[in-house]
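# Structural features, examined
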Amino acid sequence: MSTPEHVDVLIVGAGLSGIGAACHLRRENPGKTFVILEARDAIGGTWDLFRYPGIRSDSDMFTLGYRFRPWTDRKSIADGPAILAYVRDTAREYGVDRAVRHGHRVVRADWSSEDARWTVTAERTDTGETVEFTCGFLFTCSGYYRYDQGYTPGFPGTDRFAGRIVHPQHWPADLDYRGKRVVIIGSGATAVTLAPSMASDAAHVTMLQRSPTYIIAQPSVDPLSRALHTVLPGKAAYAATRWKNVLLHTGFYQLSRRRPKVVKAVLRARAKRALPAGFDVDVHFRPHYNPWDQRLCVVPDADLFKAIRRGDVSVVTDRVDTFTETGIRLVSGAELEADVVVTATGLDLLAFGGMELAVDGRRVELPETMAYKGMMLSGVPNFAFTVGYTNASWTLKADLVSEYVCRLLAHMDRRGYRQCVPERDPSVAEEPFLDFAAGYVLRAIDAFPKQGARAPWRLRMNYLYDIRSLRRGPVDEEMRFSAAPRASTPV
C-alpha cells in the first residue's frame, strides 16, 4: 500500500452537511488542507440519492439553506432537483468540489495519541481496493441513516403480489404508474409528498397508514420574502426571512410542548377546513400523540388536502394483514386493490455511516460514549460529527457545528495544541441521544451514543440556545487539550 495522503481535516460525506463544512473551512481556516471522502459518485447526499416523484424539502429553504450563501430561488419549499443544484453550485463557488474523492466508503478510523493523528481506511467502490488517509482532525458529515437500504417491515404475502413493490429510497427509473392503482404505505413526510405527486398520473392513490400524523399546510412561496426582496438587498432580505422563520418555528415548537391541547385544536381545525365536508378528520388526521413528539409534516400549498378534495387520493387508517395477488388485505377485513405498492415505511439509522472508530487500538463502543454539545464524543480526540435538528431545519445545526469546529481548530493553532478531547464527568446522568418518538429512532437508538442530563453533554434541539453555546460559547469547556503527544484517556 502506498504512503497515505495526509490532510489537516478529513470530512466524511459530500452532502448538504459535508459541503457546508468544507465551505466553512475554506472561509474561516483558509490555511487548513482538507479532503472530502464520498461513498457515492456524486455530490448531494440525500438530495442526489432520493429520486421519487415530488421529492422536496420539508423545511423552508431560508433555514435549510446555508447561512453564508442565500437561497435565491422563488420557492421556499423547494423540490429535490433545486436543492441539489444549490448544494452543487455552492461547492463550485467555494472550490470545494475539487476536494471530493468519489467512490470512497470510509470503513474505519484509528486514532494514535503518539502521532496525534487519525488513520482513515476507505474502500474504493469502483475497484474494491483499500486506501488510507491520515488527518489531524476527523469530521463526519454522513448523516444518521443507511444509504444502501431503507426500512420495510416484513409484510406477509409479498411473494404472492402480482404487482410491483418499491421503496422510495431506491426508486426505479423504469417504474410506470400511469393509469394504475397505487397504494402508499406510510403517513410521514415521504408518503404525504408522494401521494399528491403520483395522483396526477395514477388512476387512484390510496395512502394507507397505521396511525395519523400531524400535517400542516404552508405556502410554497414565502410572502414576506417576496415583499422584502422588493425593498432590500438580497442578503438582507434572506437574513430577515431566515430569522422570521427561525423565531416562528421556535415559538410554534415551544407552544406545542407547553400547550399541546391548544396546538392540537388548531391543527385539527386547519385540517378540517382543508378537507371535504363530512371527511372523518378524527380518524385520519388526529394522531394519538402530542404535536412534535414526532416531526410535523408540511404540505406546500395544501397539495395533499387538495388531492383528497378532488378524489384523486384516499386515506385509509388500518393495518396490513397480508398482501394478496391483487393488493392488500387489511386487519379490518377490507381489501385494497393495487398495481403498485410503495413502502414509505421509513429509514434505518446508522451512526457515522457504519464506520468503526478506535482510539490507541481500542475499539470505540458508541453506546458507552457520551455526546459533547451534540457534536463530539467523550474520550475520542480530534473528532466531530454533524446531526441536525429533529424539530427544525437540519442545516441550522450543521452550520453551527461547522462554525464551532473552525473556532476549535483556530484555538488549537493559537495555543499550539495538537489534541483535544471532551472529558466526561462520571456524575452526569445518561439519557438517550435523541428524545424523539419516531419509529426509525426507537428501532436503533440503543446503538448510538448517550447524551447527558446537563450542558455541555445535553443535546439541545434549540437553535437560539445553540447560538450561545456553539457560536459564542467557550471552546474549552470540559475539554482537555495537549500540546505534545500523550496517552489518551481510555474510552
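You'll find the structure just up there.
None of these values were measured; they are calculated from a predicted model.

As a further point, take empty space enclosed by the protein. Tallied over the full model, the rule gives 2 cavities of 30 Å³ or more. Here the largest cavity is characterised by a volume of approximately 80 Å³. Residue lining of the largest cavity: 13 residues in total, with Gly143, Ala351, Phe352, Phe385 and Val387 positioned closest to the centre. Taken as a whole, the second largest cavity spans an internal volume of roughly 40 Å³. Every residue lining the second largest cavity is listed: Thr213, Tyr214, Ile215, Leu267, Arg268, Ala271 and Phe285. Considering every element that reaches the lining of the second largest cavity, the biggest residue donor is helix α8 (residues 260–274), with 3 residues.

The strand order across the open sheet built from 5 strands is β8-β17-β9-β10-β13, with neighbouring strands paired in parallel fashion. Strands with a single pairing partner mark the edges of an open sheet, and in this sheet they are β8 (164–166) and β13 (313–317). Across the sheet, the mean angle separating the axes of adjacent strands is 20° when strand polarity is ignored. Note: strand β9 (residues 181–185) against strand β17 (residues 340–343), 4 bridges, orientation parallel. Residue pairing across strands places isoleucine 185 opposite threonine 343, the latter belonging to β17.

With that out of the way, let us pick up helix α11 (residues 394–415). Along an α-helix, a turn takes 3.6 residues, which lines up residues three or four apart on a common side. Between the first and last C-alpha of α11 there are 32 Å, a value that for 22 residues agrees with the 32 Å anticipated at 1.5 Å per step. For α11, the tally of buried residues reaches 16 of 22 residues, placing the bulk of the element in the interior. After α11 finishes, the residue glycine 416 shows a positive phi value of roughly 75°.

Thresholds, definitions, all that
Sequence order sets the numbering: in each chain, residues are counted from 1 along the sequence as written. Restriction of local features to residues with pLDDT of at least 70 applies here, the model being predicted, together with a cutoff of 80 or more for giving and counting side-chain atom pairs; totals for whole chains, interfaces and linings are based on all residues. Only hydrogens and water are set aside when side-chain values are computed; all heavy atoms of the structure are taken into account. Only protein atoms enter the 1 Å grid, on which a cavity is a set of points fitting a 1.4 Å probe that cannot get out and a pocket is an open set with protein on both sides within 12 Å along at least 5 of 7 lines, lining residues being those with an atom within 4 Å of a point. Grid points are joined across faces, edges and corners, and a volume is the space filled by probe spheres set on the points. The secondary structure listing takes helices from DSSP runs of H or I that are at least 4 residues long and strands from runs of E that are at least 2 residues long, numbered from the N terminus. Only when DSSP finds a minimum of two bridges between them are two strands counted as paired. Simply put, an axis is a line fit to the C-alpha atoms, just over the touching stretch for a helix, and the angle between two N-to-C directions goes from 0 to 180 degrees. Helix span, expected: 1.5 Å multiplied by one less than the number of residues in the helix. Each residue is assigned to one of three classes by its accessible area relative to the maximum for its type, calculated with a 1.4 Å probe on protein chains only: buried under 20%, partly exposed between the two thresholds, exposed over 50%.

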